Every structure is written in C-alpha cells, then in structure tokens.
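The lines below spell out each chain.
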Amino acid sequence: MSHSAVSQAGAVSISIGNERSLRRSVFKQNNSISFNSKSWSSSLALNQKTTSIRDAKRYTNTTICMSVQQTSSSKVSVSPIDLEDPKDPPLNLYKPKESYTAKIVSVERVVGPKAPGETCHIVIDHDGNLPYWEGQSYGVIPPGENPKKPGAPHNVRLYSIASTRYGDFFDGKTASLCVRRAVYYDPETGKEDPSKNGVCSNFLCDSKPGDKIQITGPSGKVMLLPESDPNATHIMIATGTGVAPYRGYLRRMFMENVPNKTFSGLAWLFLGVANTDSLLYDDEFTKYLKDHPENFRFDKALSREEKNKKGGKMYVQDKIEEYSDEIFKLLDNGAHIYFCGLKGMMPGIQDTLKRVAEERGESWDLKLSQLRKNKQWHVEVY
C-alpha cells in the first residue's frame, strides 16, 4: 500500500543449501510464489539448471521451508528469534540522504483480469539490514531526477509493509509491499498519459528480480500491533492496498510459530474493493477463516458487485453499519480499530459511525475522543 513448493498436505522441506543463493537463482518473476493459488500450492519451479556454479559452491545443508501459505495446526517456524527482543520498534534506520540499497526478489500481479487497474505483490531483499515491525512503512526513492528540483532525486514515497518482520520466507531478510500501479487517463480523450503516471508505483510494478531499490525507514508507530493482551480484539478496516499491514498482522497471528506469541483473541477484517477479481490475498484470509473460525472474521464489500440496503453500491462503511451494534460493543470492551487505505474512505466511515452513535444515544465526538485517549483508534490513510 502506498501513502502515495507447497502441497495441500503441508510444507515441502528441501535440503538444497543456502536459501539466499537459491532465491537469487530460481526466484524468477514467472516462478514467484503465487498468492492467488486456489490449491495453496506454489508456482515455484526448482530448475537446477538455473542455479549458478558460484551459488552452488555456497550451499550448506540448510533446510528450506517453502510453506508460504501454510497456516493451520503446523505453523511455520521463523528466525532469527532475536527480532522479538527489542522493546521499541526500529525507526528511521536509513534516511533519504543515506538510503539502503536493497534488491527486488519478485514482482507478482495479485489481481484478476477483471480488476480495475493492476496491483502487485513485491518482495524486497534487505538481507536483515532493515528490520521493521508489523504495521510500519518503508520509504522508496524511485530512480531518476525530481522534475520539480532538477539535479535532485525523487521524493520518498511511503508504502505500508505487507509482511511480518520475518518476511515471506520467514528468515527476517525480506519485506513485501502491496502496490497498485498509478495510471493517469486524460479525461477528454480517455487515453493513458504516461507522463502523468505514478513514478514510484510504475517503477515498482515494472521491476525485475535482481533490480536495485533505494529504501528508507522503517517509519510509523500508529499502526503497530498491540500484543500485550493475546485475547484482544482487533477490528481492521481497509480499502484496496490498505490491506497491506493487516496481512502482516494476520500472518503473525495465524501462520507463524513465534515463541511465546499465541493469539487467542478476535481479528475481524473488513475489506472494500471493486469486485471479486480485486480481492487481495483472499486465499490466505479464507484459509484463516477455515482454520481459525473462533478467532477470525472476514467481511468483504464489493462495490461493483453488491448493493447496500438502500440499493446503492456496497462500500466498506455499509458493512460497518451492518455490524455496527457488535462493533460498538467490542469497542466499549476495549477493542482496537484500524483504518488503512485511501483518505477518501474516512469521511463516509466517520459519517456512518456518527450516525450509529447518535442512534444509540451516544455522542460520537466524545466516544472518538475516548478511543483516541485509550489508544484504541489507529488511522493511516493516504
């Protein structure tokens, strides 16, 4: 999100040595992990011919667990566990004038053909040098010159991280971003105007494995996942790529085997997108729903396929209104509520919450003030 080989039976462990070497040589764009795979299997093909002799020499007897989609009783082991040690989140380890040079591991389109626009899941190799916590963001500096400041680099674009601190390979060396390609269409001609397209989103979506990328951060504290109470309720509301931080939360709750971290509360995700083809990480979320029905709820608002009770398009605020009594009771009992996505989502949501509060005989302004005071209210929009 911008503020601008697994079988169905389980994981396959492959003793082929150094994971870093393997990833450099076989994680090609066409063979990347498939997040939309209906069979929860990987489209990764292990072609030994693609492994260079140089990398082969560096192989050890490390066992690689290729279980990106494994979620239920046999959770995935993660490392290094010392990523759990710090009491405070890492902040601004790398700044715009001294950014970190990372590498692209894979770029994969994660929406179907009928989705308006293109959204990509991008895995970035930071080699363990740019640690982060769930809910934080990376800054990306696209290559080239800032048109408004000749000779200067582009401004930093912030993207919410869509993975846990251990990354999609559970080794603490990658981070993932969920990026929608920003394309501008001339309102008069209806034709695309490349000169006005989003510089950074197009750079990221066009990237190839091995490409270098300048990263800053990590930044942000407002969307950090509170973990002091494993029985807490977390209500997560997103539009589009705003689902990014929640993917990290949910993988941590339901996929990863983190010592002394067992989630026994309720995670409730509301996701608003245009249509079924626009759903992001749907198979991951659906799997959690199947395997953890007592701890996970998932409600979708498909604006171009569903109608609200008034006959209009179904937006995420309509889903919130549908469950408003339950949501308000959960908030009264200390639930955390998160909002992430386009800033245009907030007025409609706020209006809905205010109307519901008034119907309940409550002052929304007073309630919102209390939620903020109690640190239950988390908003990150762009």
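Residues numbered from 1 in each chain as written. Predicted model: local features only at pLDDT ≥ 70, side-chain atom pairs only at ≥ 80, totals over all residues. Heavy atoms only, no water.

Mind showing me how you'd approach the overall build of the protein chain here?
Counting its secondary structure elements, the protein chain contains 9 helices and 15 strands. Across the 382 residues of the protein chain, 52% fall into the buried class. Entry remark: accessible area of the protein chain is about 17,900 Å², with carbon and sulfur atoms responsible for 49%. (Helix = DSSP H or I, 4+ residues; strand = E, 2+ residues; numbered from the N terminus. Buried < 20%, exposed > 50% of the residue type's maximum accessible area, 1.4 Å probe, protein only. Areas by Shrake-Rupley, 256 points an atom, 1.4 Å probe, with all protein chains shown as cover.)

Looking at this model, I keep getting lost on the layout of surface pockets. Mind explaining?
Rolled over the atoms, a probe as big as a water molecule pinpoints where empty space is left. In this model, the second largest pocket occupies a volume close to 340 Å³. Lining of the second largest pocket is provided by 15 residues; of these, K87, D88, P89, W133 and L224 occupy positions nearest its centre. (1 Å grid on protein atoms, 1.4 Å probe; cavity = no way out; pocket = protein on both sides within 12 Å on 5 of 7 lines; lining within 4 Å. Points joined across faces, edges and corners; volume = space filled by probe spheres on them.)

Please clarify how the pairing of strand 13 (residues 296-302) should be interpreted in this entry.
Looking down a regular strand, the side chains alternate between one sheet face and the other. Where burial is concerned, most of strand 13 is hidden: 5 out of the 7 residues are buried. What joins strand 12 (residues 266-273) to strand 13 is helix 5 (residues 282-291), and the crossover it makes is right-handed. (Right-handed = clockwise from strand over helix to strand, strands pointing away.)

Explain the UniProt feature "binding site: NADP(+)" (unreviewed entry) in the protein chain here, please?
Here, the residues flagged by UniProt with the feature "binding site: NADP(+)" (unreviewed entry) are S160, R180, T241, S303, R304, K313, G341, L342 and E380. Residue placement: T241 occurs in the loop between strand 10 (233-239) and helix 4 (244-254). Relative to the helices and strands, K313 is located in the loop between strand 13 and helix 6 (316-322). Exposure remark for K313: the relative accessible area of 43% places this residue in the partly exposed category. For K313, the residues in contact, after removing those within four places along its chain, are S303, E306, N308 and D318. (UniProt positions renumbered as here; feature names shortened; annotations may be inferred. Contact = heavy atoms within 4.5 Å.)

Can you help me understand the nonpolar core in this one?
Here is a general trend for soluble globular proteins: nonpolar side chains tend to be buried in one another's company. Core analysis: the biggest nonpolar cluster contains 38 residues, and V243, Y246, L250, L269, F285 and F296 have the highest contact counts within it. Elements with a minimum of two residues in this core: strand 10, helix 4, strand 12, helix 5, strand 13 and strand 14 (336-341). The element that contributes the greatest number of residues to this core is helix 4, accounting for 6 residues. The contacts of F285, once residues within four sequence positions are left out, are V243, R247, L250, L269, L280, F296 and F298. (Core = buried A, V, L, I, M, F, W, Y, C linked by side-chain atoms within 4.5 Å.)

Explain the environment of E227 here, please?
Considering the arrangement of structural elements, one finds E227 in the loop between strand 9 (212-219) and strand 10. In the structure, E227 is positioned 36 residues away from F263 in sequence and 8.7 Å away in space, judged by C-alpha atoms. With residues near it in sequence (within four places) discarded, E227 still touches R165, R252 and K261. A polar side-chain atom of E227 sits 2.7 Å from a polar atom in the side chain of R252. (Polar contact = N/O pair within 3.5 Å; in protein donor to acceptor, adjacent residues only side chain to side chain.)

Help me understand the pattern of salt bridges, please; the structure alone is not making it clear to me.
Opposite charge on two side chains lets them pair, provided their charged atoms get close. Inspection of the entire model under this criterion finds 23 salt bridges. For R165, the salt bridge is made with E84, and the minimal N-O distance between the two is 3.7 Å. With R165 in the loop between strand 7 (157-160) and strand 8 (174-180) and E84 in the loop between strand 3 (76-77) and strand 4 (100-109), this residue pair connects regions lying 81 residues apart in the sequence. When its relative accessible area of 18% is taken as the criterion, E84 is described as buried. Residue D291 is joined to K287 by a salt bridge in which the shortest nitrogen-to-oxygen separation is 2.8 Å. Of this pair, D291 and K287 both sit in helix 5, 4 residues apart, which is roughly one turn of that helix. (Salt bridge = Lys/Arg side-chain N within 4 Å of Asp/Glu carboxyl O.)

Explain the environment of V179 to me, please; I cannot follow it from the model alone.
Residue position: V179 is located in strand 8. In the structure, V179 is positioned 63 residues away from G242 in sequence and 9.6 Å away in space, judged by C-alpha atoms.

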